[in-house]
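# Architecture and fold: a report
Now for the letters of each chain:
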Amino acid sequence: MDGSVLYLTMPRITSVLVPTASQSLWILDIYGFVVGSLLITFGNIGDRYGRLRLMITGAIVFGLGSLGAAYASTPEYLIAFRGLMGLGGATLLPSGLAIVSTLFPSPRIRAKAIGIFAATFAAGFAIGPIIGGLLLQHFSWGVVFLINVPVILAFLIAAPIVLREVRATQYGRIDIPSLLLSCIGIFFVTFAIKSAAATGFTAQSSIAGGLGILALAIFLRRQLSLQFPLLDLSLFKDRIFSFAILTGLLTLVVWSAAGYLSGIYLQSVLGYEVFAAALLALPGAVVLTIACIGSSRIVEHLGHKTSLITMYFLISLGLWLLLLTTTEAGALTFVASTVIAGVGYGLSFSLVAEIAVSAVPSARAGAAGSIAETSNEIGNALGITLLGSLAALNFRLFGPGVADTLGETLNHPGISANTVLQAKEAFLSGLHLVVGAGALLTLLMGFAAWFWLPQTLSKADHSRCQNSKPAI
């Protein structure tokens with residue numbers, strides 16, 4: 001809910017706080033990168049010391065970060081509080097998925113429960129813009145973060161009553177060097193990509209990128225030598241598991257980038273108000289929610305492999321449709337795009353979560369769930385960083401040269417109608433570049449699944465997994 005309403009609120013935030021192009025990207029994806037950096041760690045902490053206790057602590061941190069973000073007076077403060085929200089979010093996601101998997105030991109029922117769990121994300125995506133759009137008609141932009149507060153309060157009251165503590169004490173201590181290496185690696189790689197998109201390749205960005213890649217390489221190598229690694233790389237020996245995690249990463253890459261840029265397109269190019277843009281996004285979000293809930297039935301009917309291939313082709317088709325948008329019309333095309341792609345996204349969110357918790361013993365569900373959630377969160381942030389930076393670079397190269405972003409350009413005093421049109425056309429070309437790349441990528445992944453994955457999976461296919469429930 002918080003992420004989807006933020007996409008639609010960014011034009012309002014841009015006009016009030018006037019962030020730079022780089023700061024705008026950091027506002028959007030600092031949350032995802034903090035979460036992505038810490039999910040593996042907190043998944044392991046929850047397994048060892050108690051998932052419910054960790055969730056309650058994280059909810060408090062998330063709530064405090066939301067309050068701070070609501071009243072931030074500068075882009076820097078907003079980025080900092082969004083990072084604090086990410087710290088809280090990193091404790092909530094893997095523990096929540098692990099608790100759900102513990103409540104439903106039957107693989108068949110657990111698959112349905114995980115589909116409903118994934119559907120809550122889609123429901124939040126649908127509800128967020130509607131509630132946010134209504135509130136923004138009467139209050140300032142900070143109200144979109146205050147939406148989180150009553151949700152957190154309700155959770156803090158209900159969680160100790162309806163949930164039970166779950167932990168696995170037989171696993172060793174958290175490896176601090178691994179934690180630091182993963183955080184440093186992700187941060188420096190992100191910084192390098194953002195800097196290159198905003199100002200071109202410099203010595204600073206190149207050094208940062210090199211250090212980030214080196215830190216991540218050392219992190220992965222270290223996991224192979226630890227008795228209790230933060231990231232269990234042995235799971236990736238199973239190509240089915242690996243393909244599912246890659247699916248979680250790539251689908252979130254294209255989903256987040258398309259969602260972010262489409263929100264700006266509807267408001268800043270076509271001129272829709274926030275609430276109207278939210279209503280246009282609602283049909284796709286509703287379809288996404290229904291697909292998550294019904295994913296287990298779809299998989300039972302079509303089979304895991306066919307469902308996966310269909311998922312990729314539907315996402316690709318939905319993205320291709322966005323290439324038909326223009327600076328004058330495209331609202332109906334956007335709705336059709338999100339409805340078609342929404343079925344694919346719904347299947348993806350459920351399948352990735354299902355394999356994460358069915359491939360390991362229940363005692364390690366938090367750590368396995370953290371891998372799936374990490375792929376989602378890093379994919380979400382990478383979509384905005386990589387593809388969002390690609391769109392920003394396109395605007396910087398082909399825009400009117402008044403400012404680095406469309407929002408800054410439109411708010412610049414005294415610009416002519418021709419300059420406005422040129423700015424909108426430059427942004428639209430960047431949007432088309434991004435969705436075209438995403439459509440091609442998902443299409444290729446669909447064909448890869450078609451030719452590379454086995455048609456049927458026997459128990460032998462998952463002999464390395466602790467549960468016999470196949471995920472794909």
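Residues numbered from 1 in each chain as written. Predicted model: local features only at pLDDT ≥ 70, side-chain atom pairs only at ≥ 80, totals over all residues. Heavy atoms only, no water.

### Regarding the overall build of the protein
Condition: Helix numbering and strand numbering both begin at the N terminus, where a helix is a DSSP run of H or I of at least 4 residues and a strand a DSSP run of E of at least 2. Using a 1.4 Å probe on the protein chains alone, a residue whose accessible area is under 20% of its type maximum counts as buried, one over 50% counts as exposed, and one in between counts as partly exposed. It only takes one pair of heavy atoms within 4.5 Å for two residues to be counted as in contact.
Scanning the protein from N- to C-terminus turns up 17 helices and zero strands. Taken across its 472 residues, the protein has 56% of its residues classed as buried. Look at the contacts in the protein between residues 6 or more apart in sequence, and 83% of them connect residues 24 or more apart.

### A closer look at helix H9 (residues 203-225)
Put simply, the rule reads: Expected span of a helix, by definition, is 1.5 Å for each gap between consecutive residues, and there is one gap fewer than residues.
With 23 residues, H9 extends 34 Å from end C-alpha to end C-alpha; this agrees with the ideal 33 Å at 1.5 Å per step. By the burial criterion, the buried members of H9 are Ser205, Ala208, Gly209, Gly212, Ala215, Phe219 and Gln223.

### Concerning the packing of helix H10 (residues 239-269) against helix H13 (residues 304-321)
The cut-off we apply is this: The axes used here are C-alpha line fits, helices contributing only the stretch in contact, and every angle between their N-to-C directions lies in the interval 0 to 180 degrees. Should an angle fall under 35 degrees it is taken as roughly parallel, and over 145 as roughly antiparallel, whereas 65 to 115 is taken as roughly perpendicular and any remaining angle as oblique. Less than a right angle of anticlockwise turn of the near helix away from the far helix marks a crossing as left-handed, whereas a clockwise turn marks it as right-handed. Gly is put with the polar residues, along with every residue not named as nonpolar or charged; the nonpolar set is Ala, Val, Leu, Ile, Met, Phe, Trp, Tyr, Cys and Pro, and the charged set is Asp, Glu, Lys and Arg.
Between H10 and H13, the least distance of the axes is 12 Å, while the angle of their chain directions is 15°. One way to sum up the angle between H10 and H13 is to call them roughly parallel. Remark: the crossing between H10 and H13 carries left-handed chirality. Here Phe243, Thr247, Thr251, Val254 and Ala258 of H10 come into contact with H13, specifically with Leu308, Met311, Tyr312, Ile315 and Leu319. When the residues that make up the contact of H10 with H13 are grouped by side-chain class, the tally is eight nonpolar, two polar and no charged.

### A closer look at unusual backbone geometry
A positive phi angle, close to 50°, is found at Val18, a residue other than glycine. Considering the arrangement of structural elements, one finds Val18 in the loop between helix H1 (2-17) and helix H2 (21-49).

### A word on the packing of aromatic side chains
Aromatic ring pairs are defined here through the distance separating the ring centres and the angle between the ring planes. Keep this limit in mind: In this analysis, rings of Phe, Tyr and Trp, with Trp reduced to its six-membered ring, are considered paired at centre separations within 6.5 Å, and the interplanar angle assigns stacked below 30 degrees, edge-to-face beyond 60, and tilted for intermediate values.
Applying the stated criterion across every chain yields a total of seven aromatic pairs. With centroids separated by 6.4 Å and ring planes inclined at 70°, the aromatic side chains of Trp255 and Tyr345 adopt a geometry described as edge-to-face. Placement of the pair is Trp255 in helix H10 and Tyr345 in helix H14 (residues 331-358), with a sequence separation of 90 residues. With 6.1 Å between their ring centres and 5° between their planes, Phe447 and Trp450 make a pair best called stacked. Note that Phe447 and Trp450 are positioned in helix H17 (residues 417-452) at a spacing of three residues, about one turn of the helix.

### Comments concerning the nonpolar core
Here is the rule: Each nonpolar core is a collection of buried residues, namely Ala, Val, Leu, Ile, Met, Phe, Trp, Tyr and Cys, held together in the definition by side-chain atoms within 4.5 Å.
If you look at the biggest cluster of nonpolar residues, it comprises 116 residues, and the most contacted ones within it are Leu78, Phe145 and Tyr345. Residues within four places of Tyr345 in sequence aside, it is in contact with Thr251, Val254, Trp255, Leu288, Ile315 and Leu319.

### Overview of the environment of Ile245
Positionally, Ile245 belongs in helix H10. Take Ile245: its relative accessible area is 8%, and that puts it in the buried class. Residues Ile245 and Ile371, spaced 126 residues apart in sequence, show a C-alpha to C-alpha distance of 7.6 Å. If we ignore the near neighbours within four places in the chain, the residues touching Ile245 are Phe236, Val352, Ile371, Ala372 and Ser375.

### Things to note about the side chain of Thr409
Looking at the secondary structure, you find Thr409 in helix H16 (residues 406-410). Given the relative accessible area of 0%, Thr409 is considered buried. Discounting residues that sit within four places of it in the chain, Thr409 has contacts with Phe395, Pro400, Val402, Ala403, Ile415 and Ala423.

### Some details on the environment of Asp29
Turning to its location among the elements, Asp29 is positioned in helix H2. Accessibility expressed as a relative area gives 1% for Asp29, which makes it buried. Along the backbone, Asp29 and Gly83 are 54 residues apart, and their C-alpha atoms lie at a distance of 9.0 Å.

### Digging into the environment of Ala257
Turning to its location among the elements, Ala257 is positioned in helix H10. As for Ala257 and Thr385, which are separated by 128 residues in sequence, their C-alpha atoms are 8.4 Å apart. Those residues in contact with Ala257, other than ones at most four positions away along the chain, are Gly383, Leu387 and Val434.

### Some thoughts on the side chain of Ser268
Locating Ser268 in the fold gives a position in helix H10. For Ser268, a relative accessible area of 14% translates into the label buried. With sequence-adjacent residues up to four places away left out, Ser268 is seen in contact with Pro11, Leu406, Leu410 and Lys424.

### Here's the deal with the confidence of the model for the protein
Basically, it comes down to this: Every residue carries a pLDDT, the predictor's confidence in it, which falls somewhere between 0 and 100.
When pLDDT is averaged along the protein, the result is 79; 87% of the residues meet or exceed 70. The low-confidence segment residues 457-472 (pLDDT under 50) makes 38 contacts with residues lying over four places distant or belonging to another chain.

### Observations regarding the packing of H1 against H10
Packing of H1 against H10 leaves a shortest axis separation of 9 Å and a crossing angle of 45°. The angle between H1 and H10 falls in the class oblique. Like other packed secondary-structure pairs, H1 and H10 cross with a definite hand, here right-handed. Contact residues: Tyr7, Leu8 and Pro11 in H1; Ser256, Gly259, Tyr260, Gly263, Gln267 and Ser268 in H10.

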